[in-house]
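Residues per chain, in single letters:
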Amino acid sequence: MKKDLSYLLAKKQNHQKIVALTAYDYPTALLEDKTGVDIIFVGDSVGTNILGYDSEQEVTVDDIAHHLKAVRRGVSQAYILGDLPYNSYETPEQALDNAKKLLAHGADIVKLEGVREKVIKHLIDHDIKVCGHLGLLPQTQQQKRVQGKTFEQAKTIIEDAIALEKLGISMLVLELIPEELGQIVTEKLSIPTIGIGSGRFTDGQVLIVNDILGITPRKLKLAKTYQDYQTLTAQAIQKYKEDVEQNLFPTEENVWHMAEEELKHLR
Ligand SMILES: Nc1nc2c(c(=O)[nH]1)N[C@@H](CNc1ccc(C(=O)N[C@@H](CCC(=O)O)C(=O)O)cc1)CN2
Ligand SMILES: CC(C)(CO)C(=O)C(=O)O
Ligand SMILES: [Mg+2]
């Protein structure tokens, strides 16, 4: 059964955690879907984590669409979120064009950063599901510092969250804010909140799949590393290199032969 917004909302209401994780390719999406991840994010984090870009700002709508297509082919149950990248939702019309493109390539919902009232209203008026994003906004904040630690900043985030819910967004990502603020926003909203680096009390959690697998070179405080990809992959590549150099690969079990009857004419 394909998961939908009412399934996610029921999880909030029943105090069951929503599990979200990014994926950028088919095999990873297949595994996440099979495991029962609720929401797969095709984030603009693809830029710095997969494409080798220096910044989130280099990511294009075509980049997201390309990875969305791959992810969609691996998914039968998870809800799929596509990020609208930097500069792709400057006007309501541009945002609608780009959101439609992401939906056409497999997204169930689009996410955009900040309180962009006119843009969000335009998308919702056209029946597009929108996920908000408050706290740290990576597309416009290069410094990855915790947001909303002071009373004034926290108050703004709470007011923004309420304003976004009133505009009609279906869920809200909270990034890199204090746990207390994550809890207050989550209690004030009826829609699900999905946190990253925002404490234990949001309705769900999202992480970058590269961080949980140990693909990311450094360990972030906000993440947990479940596997040592760097070491394991370096070992596998090193062993393959040695095997080729020392004629230990391929072996008899990796090769095909001709019948002697055919071969004798060639010799
Ligand atoms: N791969 C990876 N890429 C990402 C994110 C991630 O999550 N992991 N998230 C988005 C960018 N946001 C962040 C947020 C925090 C940090 C970060 O570096 N945080 C420090 C703490 C910062 C602080 O103490 O103020 C940490 O150790 O957790 C980096 C990127 C998109 N790209
Ligand atoms: C998961 C999240 C919220 C992290 O910033 C995201 O937007 C992304 O992956 O691009
Ligand atoms: Mg993003």
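Fair warning: this is a prediction, and the values are worked out from it, not measured in the lab.

S.K.: It is not clear to me how the UniProt feature "active site" (unreviewed entry) in the chain should be interpreted in this structure. Could you clarify?
M.R.: In the numbering adopted here, UniProt assigns the feature "active site" (unreviewed entry) to Glu 175. Relative to the helices and strands, Glu 175 resides in strand S6 (residues 171-175). With relative accessibility at 13%, the residue Glu 175 sits in the buried group. With residues near it in sequence (within four places) discarded, Glu 175 still touches His 133, Leu 134, Gly 135, Leu 136, Pro 138, Ile 196 and Ser 198. Here the side chain of Glu 175 touches His 133 through a polar contact of 3.0 Å, side chain to side chain.

S.K.: Which parts of the structure should I look at to understand the pairing of S6?
M.R.: The side chains of a regular strand alternate between both faces of the sheet. Within S6, five of the five residues are buried, leaving the element largely enclosed by the surrounding structure. On S6, burial covers both faces: Met 171, Val 173 and Glu 175 on one face and Leu 172 and Leu 174 on the other are all buried. In this sheet, S6 lies alongside strand S5 (residues 130-135) in parallel orientation, the contact comprising five bridges. Bridge pairing in S6 links Gly 135 to Glu 175. After leaving S5, the chain enters helix H7 (residues 151-167) and then returns to the sheet as S6, a path that is right-handed.

S.K.: Just checking my understanding: could you explain the nonpolar core for this structure?
M.R.: One recurring pattern in soluble globular proteins is that nonpolar side chains are buried together. Counting residues in hydrophobic clusters, the biggest one holds 65 residues, and the most contacted among them are Ile 39, Leu 123, Leu 172 and Val 185. It is H7 that contributes the most residues to this core, six residues altogether. Ignoring anything within four residues of it in the chain, the contact list for Ile 39 reads Leu 8, Ile 18, Val 19, Ala 20, Leu 21, Tyr 79, Leu 81, Met 171 and Ile 194.

S.K.: Whenever I open this one, the coordination of the magnesium ion (ligand 3) confuses me. Can you help?
M.R.: Put simply, a metal with four donors set out as a tetrahedron has ideal angles of 109.5 degrees, and one with six donors set out as an octahedron has ideal angles of 90 or 180 degrees. The protein atoms that coordinate the magnesium ion (ligand 3) are Asp 44 (OD) and Asp 83 (OD), at distances spanning 2.1 Å. Remark: Asp 83 occurs in strand S3 (residues 79-83) and Asp 44 occurs in the loop between strand S2 (39-42) and helix H3 (46-49); sequence separation between them is 39 residues. Assigned by exposure class, Asp 44 and Asp 83 land together as buried.

S.K.: What exactly am I supposed to notice about the site of ligand 2 here?
M.R.: Every residue close to ligand 2 is listed here: Thr 22, Phe 41, Gly 43, Asp 44, Ser 45, Asp 83, Lys 111, His 133, Pro 138, Val 173, Glu 175 and Ile 208. Note that an oxygen atom of ligand 2 is positioned 2.5 Å from one of the side-chain N or O atoms of Ser 45. Compared with its free state, where it exposes 280 Å², ligand 2 has 96% of that area covered by protein. Residue composition of the shell around ligand 2, by class: four nonpolar, four polar and four charged.

S.K.: Got a minute to help me understand the site of ligand 1 in this structure?
M.R.: The environment of ligand 1 is made up of 18 residues, and the closest members are Asn 49, Glu 175, Asp 211, Lys 221 and Leu 222. Asn 49 places a side-chain nitrogen or oxygen 2.9 Å from a nitrogen atom of ligand 1. Within the side chain of Glu 175, a nitrogen or oxygen atom sits 2.6 Å from a nitrogen atom of ligand 1. Protein contact buries 80% of the 660 Å² of open area that ligand 1 shows by itself. For the shell around ligand 1, the per-class residue count stands at eight nonpolar, three polar and seven charged.

S.K.: So what exactly am I meant to see when it comes to the sheet that holds strand S4 (residues 109-111) here?
M.R.: Hydrogen bonds between backbone groups are what pair the strands of a sheet, and the pairing can be parallel or antiparallel. What the eight strands build is a closed barrel, ordered S1-S2-S3-S4-S5-S6-S7-S8; its pairing is parallel. The average undirected angle you get between the axes of adjacent strands in this sheet is 25°. Packing of helix H8 (residues 179-188) onto the sheet brings it into contact with S6 and strand S7 (193-196), and relative to S6 it is tilted by some 170°.

S.K.: Explanation requested: the UniProt feature "binding site: 3-methyl-2-oxobutanoate" (unreviewed entry) in the chain in the structure shown.
M.R.: Per the UniProt entry, the sites bearing "binding site: 3-methyl-2-oxobutanoate" (unreviewed entry) are Asp 44, Ser 45, Asp 83 and Lys 111 in this numbering. Spanning 68 residues, the annotated positions come together in the fold, the maximum distance between their C-alpha atoms being 12.6 Å. Within the element layout of this structure, Ser 45 appears in the loop between S2 and H3. The class of Ser 45 is buried, set by a relative accessible area of 12%. Setting aside chain neighbours within four positions, we find Ser 45 in contact with Thr 22, Tyr 24, Ile 50 and Ile 208. Apart from residues lying up to four places away in sequence, Asp 83 is in contact with Val 42, Gly 43, Asp 44, Ile 64, Leu 102 and Lys 111. At 2.8 Å, the side chain of Asp 83 and the backbone nitrogen of Asp 44 are in polar contact.

So, how was this worked out
- Residues numbered from 1 in each chain as written.
- Chains lettered and ligands numbered in written order.
- Predicted model: local features only at pLDDT ≥ 70, side-chain atom pairs only at ≥ 80, totals over all residues.
- Heavy atoms only, no water.
- UniProt positions renumbered as here; feature names shortened; annotations may be inferred.
- Helix = DSSP H or I, 4+ residues; strand = E, 2+ residues; numbered from the N terminus.
- Buried < 20%, exposed > 50% of the residue type's maximum accessible area, 1.4 Å probe, protein only.
- Contact = heavy atoms within 4.5 Å.
- Polar contact = N/O pair within 3.5 Å; in protein donor to acceptor, adjacent residues only side chain to side chain.
- Pairing = 2+ DSSP bridges.
- Right-handed = clockwise from strand over helix to strand, strands pointing away.
- Core = buried A, V, L, I, M, F, W, Y, C linked by side-chain atoms within 4.5 Å.
- Donors = N, O, S within 2.8 Å, 3.2 Å for Na, K, Ca; no water.
- Near = heavy atom within 4 Å.
- Areas by Shrake-Rupley, 256 points an atom, 1.4 Å probe, with all protein chains shown as cover.
- Nonpolar A, V, L, I, M, F, W, Y, C, P; charged D, E, K, R; others polar.
- Axes fitted to C-alpha atoms, helices over the stretch in contact; angles between N-to-C directions.

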